[in-house]
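Now for the letters of each chain:
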Amino acid sequence: MEALQKVNRRGDSWQLYLMLLPAVILTLIFIYVPMGGAVMAFQDYKPYTGILHSKWVGIDNFKFLFTYPDSKQVIWNTFIIAVLKIVFGTIATFTFALLLNEARKKFMKNTIQTIVFLPHFLSWVVLGGVFMEILAPNGGLVNQFLQNVFGIKPVFFLGDNRFFRATMVATEIWKEFGYGSILFLAALAGINPALYEAAEIDGAGRWKQTLNITIPSIIPTLVVVVTLSLSQVLNAGFDQIFNMYNPLVFQTGDIIDTFVYRMGLISGNFSVSTAIGLFKSVVGLVLIITSYRIAGKFAGYKIF
Amino acid sequence: MAKKLKFAASSLVIVMSLGSMVACSSKTSESTPYASASANPSASKLHIVNGKIDPPVTLTTVRGIDSTAKFKNGETLENNVHTKWAKDTLGVDIKTLWSSQMSDTSFDTKLKLMLSSGDKLPDVIFTTSKDTLNMFIESGKVMSVDRAFDKYAGKVWKDAVAEQPDAWLPFQRGKQKMAIPRLQATVTSEPVLWIRKDWMDKLGLQAPKSLSDLETIMDAFTNKDPDGNGKKDTTALDFAIKDQMIGYPVGDISWLFGAFGSIPDQWTKDANGKLVFGSTQPGVKSALAKLKDWKDKGYIADDIALHDWNKIVENVASAKVGIVAGANWFPAYPGSMVYAKDPKAVFEPYAFPVGPDGKKGQTVADPFNGGFVISKDISQEALEAFFYYMNTLWDASNSNDPFVLKGFQENYDYVIQDGKAVFDNDKIPGGQVQTMKYTLQGNMPQPMSKFVEVGKKIATGENLTPNDIAFNNANGVNPKDPLQGIQGKATLINIDQKGSDIPNLFTGPTTSTQSSRGEFLKKLELDTFNQIIYSKTPIDEFDSFVKKWNSSGGDQLTKEVNDWYSSVK
C-alpha cells in the first residue's frame, strides 16, 4: 500500500518539474550566467579586449567611486528620495485601499479603480513633459492656483532645491498609488465576511471593525510589500528624475543612476557603471535578507 | 532547505571561481605599436578597362542604416542602384556583410561587439561616431592610412582635405593618420540669429548691430505686446542650456559668450598659443552677468534651465518666442511649424550683434563628422578599388557634366527632360529618393570651398555654370525650393561672419582625466552657471568656480589636452 502511494507521488511530481523546466533554463541562461559579467566591475574593461582579456584592477573602480567628489551626496540623495517614496507610497496605497474598500456601489469602486490605475502605464517621458507644464513657474496650473487662491508667489518646483525631492515623491505617488493598491485590495477582498458579521452582532461600529478586523488581516500583505520595497532603497527612479531634473537641482536631485548615465555619456566607462550596479545589488541583497528575517521573527512571515 | 542552500552555495562558488580564473588569466593588454601600411604599394594591381576594373574587385564592409534614407523598387542599403552602378560601371563590388540602424545606436554597438569578438574585420568601415573610430584605432586592427592616401587619393580629394587639414587630427596617433575623415563644411554650419520679422515690423525695430540694440529689441518684444493679443505672454529670447551650455543646433547661445570673447566648453588658443578651456575664461563671467540681467528683466523664460532642443521647438511653434539663434535650416524646422499656423509668422536671419568691446564670435562645427577605418588585412586590390570608387565620386564635383553620375542618379534623384534635370517628385517614376545616402560615406563628398561658392551663387540668384549644376545635383539641392530662399539669406550671413567662427581645437580621444573627472567638472560648471543666472549665488562665485575647476582636475586636463595638441600638430 505504501509502496503504491510512493510511486503515485513520484509520478505526479515529475510532470510538475517538467513544466518548471523551461522557466528554470531561461533563468539560468539569462540571469545566472550573465552574473559572471559582474567581473567587469573589477577590470578596466575595454570592448575590444572583451571580458577575458581586459586588465584586472581589483577594487580600483570601487575606490574611484567612493572618492569621487560628489558620490556621498549622490548616494544620500538616492537613499532619501527612495525612502520617502517607499514610506509615503506605502501609506498612500494602504489608505487608498482601505478607503476604496468602504465604497458600497460596485460600479463606483470599479470606475475609480480603473481611473487611478491608468497613470501607471504612462511613460515618464510623456509625464515629464506634462508635469513640466503643470508645475511651470509662470503660467503653470499649480502656480496659477496658488497665486489666485492663496496669493503665494510662483514657486519653481522643478528648479528649487527646497521643493524638488518633495515634487518627485508626490508625482511618483500620484502615478503609482492606483497600481500599487491592487495587492492590498486583493487582500481585503480575501477577508472572511463572517468576521464582519460576527463583529456587527457584537456591536462593533465601522471604525472598530476596521481597527480590529481589516487592518490586522492585511498586515501580512503590508509586511510583504515593505519587505520587497526595501531592496529598492537605492533605486530612486531613474526614468522620472532623468526626465524632470536639471542643473539647478543637482544638489538634491542627482541620484546614483543619473550620475552613472552622465558618466557613461562622457567617458563610456563600462567598468564603473558595472561596479555601481554590483554595489546596488549587494546592498539590496543585504537589505532584503535582513528585512525577511525581521518579518519572519515579528510577523511570522515566511516564503521558504 | 539544506538542498536549496547547497544549490545556492555551489552556484555562487562557480560564479566566483569563473571570476578568479579570469583574474588570473587576463594579462595586461599589450600596447600594439600602430602598424604601418601593410601592403607595400608598388605596381597597381588593378586592371582597368574603359573605366571599369576588370575583373571586378570585391570590397567588404558593414553599414549603418540612415533612417532618413528612402528606397524604392524593392531596393535595400545592401543592394540598390548605386551598388549596381559601382559594380557594373566601376568594377567595384561593394559587399555589405551586415547593416544596422544608426539612429538607435545599434550600429555602433554592433561594431563594438564585432571588435570584441575577435573576428576578422571587413575591408573598410564607415561610421559617424568618433568614439567608435577611436576604439578601432586603439585595437590595433586597422592600418595607418598615410601611405595609401598619399599614393591613391586623387587630386580633387587631396585638395579638399588640404582645405580642412584639422579634420585629420582626431584620427592621428602622433603624426600617423589612422583613419580617413569624412569632411564636413564648417562654413554654413554656424548658427545665425533668427528674429520674428513681423514683430520687428510691427514695433518699428531695426536689425541689431550691438548688444544694446538687441536689448532694445528684447525689451520691446517682452513689454510692448508684439503679437497684439493684449497679454504680456511673449518671450523675447529663447535658448537651450539643459544638458550642456553649447551644442544645440536650435537654441544656441554661444554668440552671447562670443560677444565677450570666450565660448564655454570649447578649447581655444590663448595669447601664448596654448589651448585653454573656454568656460574658465574671464569673458564668460561678463556674459553670465548679462544673462542674469536679462532674466531679471524678463527677456528670457523663468524655467530656462529646463529648456532643451525639444522645448525650444515647442515654444517656437506656439508663436510666443521672438528671437532664437539656430542653424541655417531653421526655417525648415521649427520655422515651418509656426509658419503653418500663421503665414505672417516669419523668422528672418540676422548677423550676431557685437559686444561692448566690439568682439563677436559664434560656435562652428568640427571639420569632420565621421570617418573610414581600413582593416590591416585588406588586400592590395581591395584597397586600390576603395580609392578608385571614392575618387570617382570626388571627381564628379569637378566635372562639367551635370549628369556625370546619372548611372545611379537618373530616375532616382531626377529625370532628364530637354537636357535638364527635373527634381519634381511627381515627375520621377516611383517618387524622388536621394541616392547620395546610398554611397559608402552616406553623402556626396564635396570640397568645402565649392560648396560655399555654389551656395552663395544660389542665394544671390547668380547663374550657375554647368560645373555648379553638376555639383548641385549630387548634393540633392533644388534651387527652385522656396524655403531655400530664406536659407540662402542665412547662408550669406554665415559666409559673411565666418571670420568670427570660434572652432573647438581639441578633437582628440577622451583623456584619462576626462574619463575620471569629466562628469564632475561638467556638473560643477552647469551648476555654477545656472545658479548665477538665477541669482542664487552672486556673480563673483564664478571666480571660485574657476579655482575649483582647476584644482579638481582642470589643470591636469589642460595639460593632457596640450600634450595631445603638440603631439599631432
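The preceding data block contains the structure.
Residues numbered from 1 in each chain as written. Chains lettered and ligands numbered in written order. Predicted model: local features only at pLDDT ≥ 70, side-chain atom pairs only at ≥ 80, totals over all residues. Heavy atoms only, no water.

**So, the overall build of chain B**
Assigned secondary structure in chain B consists of 19 helices and 19 strands. Relative to the compact-globule value of 25 Å for 569 residues, chain B shows a C-alpha radius of gyration of 27 Å, a close match. Principal-axis analysis of the C-alpha atoms places the extent of chain B at approximately 85 × 75 × 60 Å. Among the 569 residues that make up chain B, the fraction classed as buried is 52%. Restricting the contact set of chain B to residue pairs at least 6 apart, pairs at least 24 apart contribute 74%. When the accessible area of chain B is evaluated, it comes to approximately 24200 Å², of which 53% is carbon and sulfur surface. Charged side chains in chain B number 65 positive and 67 negative. The centres of these two groups are separated by 3 Å. (Helix = DSSP H or I, 4+ residues; strand = E, 2+ residues; numbered from the N terminus. Rg over C-alpha atoms; globule rule 2.2 N^0.38 Å. Buried < 20%, exposed > 50% of the residue type's maximum accessible area, 1.4 Å probe, protein only. Contact = heavy atoms within 4.5 Å. Areas by Shrake-Rupley, 256 points an atom, 1.4 Å probe, with all protein chains shown as cover. Lys, Arg positive; Asp, Glu negative; His and termini not counted. Charge placed at Lys NZ, Arg CZ, Asp CG, Glu CD.)

**Focus: the pattern of salt bridges**
Applying the stated criterion across every chain, the model contains 31 salt bridges over all chains. Residue Lys-63 of chain A is joined to Asp-60 of chain A by a salt bridge in which the shortest nitrogen-to-oxygen separation is 3.8 Å. Taken together, the positions of Lys-63 of chain A and Asp-60 of chain A, both in helix 3 (residues 60–67) and 3 residues apart, correspond to about one turn of that helix. A salt bridge links Lys-457 of chain B to Glu-453 of chain B; the shortest N-O distance between them is 3.8 Å. A residue pair is termed a helical-turn pair when its members lie 3 or 4 positions apart in one helix, as Lys-457 of chain B and Glu-453 of chain B do in helix 15 (residues 448–460) at 4 residues. Relative accessible area serves as the criterion here: at 38%, Glu-453 of chain B is assigned to the partly exposed category. Taken together, the shared-partner salt bridges connect Asp-70, Asp-254 and Arg-262 of chain A together with Glu-519 and Lys-523 of chain B into one network. (Salt bridge = Lys/Arg side-chain N within 4 Å of Asp/Glu carboxyl O.)

**A closer look at the packing of aromatic side chains**
One pair of aromatic rings is described through two measures. These are the centre distance and the angle between the planes. Residue and element names in this part refer to chain A. Following the criterion strictly, the structure yields 50 aromatic pairs over all chains and no others. Between Phe-121 and Tyr-179, the ring centres sit 6.3 Å apart and the planes meet at 80°, which makes this aromatic pair edge-to-face. You can see Phe-121 sitting in the loop between helix 5 (106–117) and helix 6 (124–134) and its partner Tyr-179 sitting in helix 8 (residues 164–189), a full 58 residues away along the chain. With relative accessibility at 55%, the residue Phe-121 sits in the exposed group. (Phe/Tyr/Trp six-rings, centres within 6.5 Å; stacked < 30°, edge-to-face > 60°.)

**Regarding the sheet that holds strand 3 (residues 57–65) of chain B**
Residue and element names in this part refer to chain B. With respect to topology, 5 strands assemble into an open sheet ordered 4-3-5-16-8, the strand pairing being mixed. Lying at the two open borders of the sheet, with one neighbouring strand each, are strand 4 (92–101) and strand 8 (180–183). For this sheet, the mean angle separating the axes of adjacent strands, direction not counted, is 25°. Pairing geometry for strand 5 (residues 124–127) and strand 16 (residues 368–374), over 4 bridges, is antiparallel. Across the sheet, the residue bridging to Ile-125 is Val-373, located in strand 16. Lying over the sheet, helix 4 (residues 130–139) contacts strand 5 and strand 16, oriented at roughly 25° with respect to strand 16. Where helix 13 (residues 380–396) meets the sheet, its contacts fall on strand 3, strand 4, strand 5, strand 8 and strand 16, and the angle it forms with strand 3 comes to roughly 65°. (Pairing = 2+ DSSP bridges. Axes fitted to C-alpha atoms, helices over the stretch in contact; angles between N-to-C directions.)

**Some points on helix 8 (residues 211–223) of chain B**
Residues and elements named next belong to chain B. Over its 13 residues, helix 8 extends 18 Å from the first C-alpha to the last, a length consistent with the 18 Å expected when each residue adds 1.5 Å. Check the buried side of helix 8 and you find it contacts strand 9 (192–196), helix 7 (197–202), strand 10 (235–238), helix 9 (254–258), helix 10 (282–296) and strand 13 (321–326). Positive phi shows up at Asp-225, right after helix 8, with a value of about 50°. (Expected span 1.5 Å × (residues − 1).)

**Focus: the pairing of strand 5 of chain B**
Residue and element names in this part refer to chain B. What you see with strand 5 is no split at all: Val-124 and Phe-126 on one side and Ile-125 and Thr-127 on the other are buried throughout. Judged from the 2 bridges that link them, strand 3 and strand 5 form a sheet pairing that is parallel. Paired with Val-62 across the strands is Ile-125, a residue of strand 5.

**Digging into the sheet that holds strand 10 of chain B**
Two orientations exist for strands paired in a sheet by backbone hydrogen bonds: parallel and antiparallel. Residues and elements named next belong to chain B. Taking strand neighbours across the sheet as the criterion, the 4 strands line up as 10-13-9-14 in an open arrangement whose pairing is mixed. Unpaired on one side and paired on the other, strand 10 and strand 14 (347–350) mark the two borders of the sheet. Put simply, the sheet's adjacent strands are angled 20° from each other on average, direction ignored. Of the strands in this sheet, strand 9, strand 10 and strand 13 are in contact with helix 8, which crosses strand 13 at around 140°.

**Brief notes about unusual backbone geometry**
All names here are of chain B. Following Asp-54, the chain continues to Pro-55 via a peptide bond in cis, the omega torsion being -5°. When you line up the elements, Pro-55 lands in the loop between strand 2 (52–53) and strand 3. The linkage connecting Tyr-333 with the following residue, Pro-334, adopts the cis geometry, with an omega of 0°. If you trace the backbone, Pro-334 turns up in helix 12 (residues 331–341). Its identity is not glycine, yet Asn-411 carries a phi of approximately 70°, on the positive side. The residue Asn-411 is located in the loop between helix 14 (406–409) and strand 17 (415–417) in this model. Within the chain, Asp-418 stands out as a residue other than glycine whose phi angle is a positive 55°. By the element assignment, Asp-418 lies in the loop between strand 17 and strand 18 (420–422).

**So, the interface of chain B and chain A**
The interface is formed by 39 residues belonging to chain B together with 43 residues belonging to chain A. Between chain B and chain A lies a buried interface of about 3600 Å² when both sides are counted; carbon and sulfur atoms form 64% of it. The interface formed by chain B and chain A holds 7 residue pairs in polar contact (both at pLDDT 80 or more) in total. If you list the elements that add at least two residues to the side of chain B that touches chain A, you get helix 1 (2–25), helix 3 (106–117), helix 4, helix 11 (309–317) and helix 18 (512–533) of chain B. The dominant element in the side of chain B that touches chain A, judged by the number of residues it contributes, is helix 18 of chain B, at 13 residues. Considering only residue class, the side of chain B that touches chain A consists of 11 nonpolar, 14 polar and 14 charged. (Buried area = accessible area lost by both parts, 1.4 Å probe. Polar contact = N/O pair within 3.5 Å; in protein donor to acceptor, adjacent residues only side chain to side chain. Nonpolar A, V, L, I, M, F, W, Y, C, P; charged D, E, K, R; others polar.)

**Section: the environment of Ile-374 of chain B**
All names here are of chain B. Mapped onto the elements, Ile-374 comes out in strand 16. For Ile-374, a relative accessible area of 0% corresponds to the buried category. Residues Ile-374 and Met-436 lie 62 residues apart in sequence; the distance between their C-alpha atoms is 22 Å.

**Remarks on helix 15 of chain B**
Residue and element names in this part refer to chain B. Between its terminal C-alpha atoms helix 15 stretches 18 Å, which fits the 18 Å expected from 13 residues at 1.5 Å a residue. Among the residues of helix 15, those classed as buried are Met-448, Lys-450, Val-452, Val-454 and Lys-457. Gly-461, located one to two residues past helix 15, shows a positive phi value of around 75°.

**Observations concerning the packing of helix 8 of chain B against helix 10 of chain B**
Residues and elements named next belong to chain B. It is at 12 Å that the axes of helix 8 and helix 10 come closest, and there the two elements cross at 20°. Overall, the two elements helix 8 and helix 10 adopt an arrangement that is roughly parallel. Note on packing geometry: the crossing formed by helix 8 with helix 10 is right-handed. Where helix 8 approaches helix 10, its residues Leu-211, Leu-214, Glu-215 and Met-218 are matched on the opposing element by Lys-290, Asp-293 and Trp-294. The class makeup of the residues in the contact of helix 8 with helix 10 is 4 nonpolar, no polar and 3 charged. (Parallel < 35°, antiparallel > 145°, perpendicular 65-115°, else oblique. Left-handed = near helix turned anticlockwise from the far one by under 90°.)

**Let's talk about the side chain of Thr-558 of chain B**
Residues and elements named next belong to chain B. Positionally, Thr-558 belongs in helix 19 (residues 541–568). Assessed through its relative accessible area of 18%, Thr-558 is described here as buried. In this structure the side chain of Thr-558 is engaged in a polar contact, spanning 2.8 Å, whose partner is the backbone oxygen of Gly-554.

**A short note on the nonpolar core**
Residue and element names in this part refer to chain B. Judged by nonpolar contacts, the single largest core of 100 residues is most densely connected at Trp-255 and Trp-294. A total of 9 residues in this core trace back to one element, the largest contributor, which is helix 19. When near neighbours in sequence (up to four residues on either side) are disregarded, Trp-294 contacts Leu-211, Leu-214, Glu-215, Met-218, Leu-237, Trp-255, Leu-256, Tyr-299 and Ile-300. In terms of nonpolar packing, the next biggest core, distinct from the first, is built from 64 residues, Ala-86, Phe-171, Met-390 and Ala-396 among them. (Core = buried A, V, L, I, M, F, W, Y, C linked by side-chain atoms within 4.5 Å.)

**Re the pairing of strand 8 of chain B**
Residues and elements named next belong to chain B. Side chains Ile-180 and Arg-182 of strand 8 all project onto a buried face; the interleaved residues Pro-181 and Leu-183 project onto the opposite face, where all are buried too. As judged from the 3 bridges shared by strand 8 and strand 16, these two strands associate in the antiparallel manner. The residue of strand 16 that forms the bridge with Pro-181 is Gly-371.

**Some remarks on the side chain of Ser-397 of chain B**
Residues and elements named next belong to chain B. Secondary-structure assignment places Ser-397 in the loop between helix 13 and helix 14. With a relative accessible area of 7%, Ser-397 lands in the buried category. Beyond its immediate sequence surroundings of up to four residues, Ser-397 is in contact with Val-156, Pro-445, Pro-447, Lys-450, Asn-467 and Phe-471.

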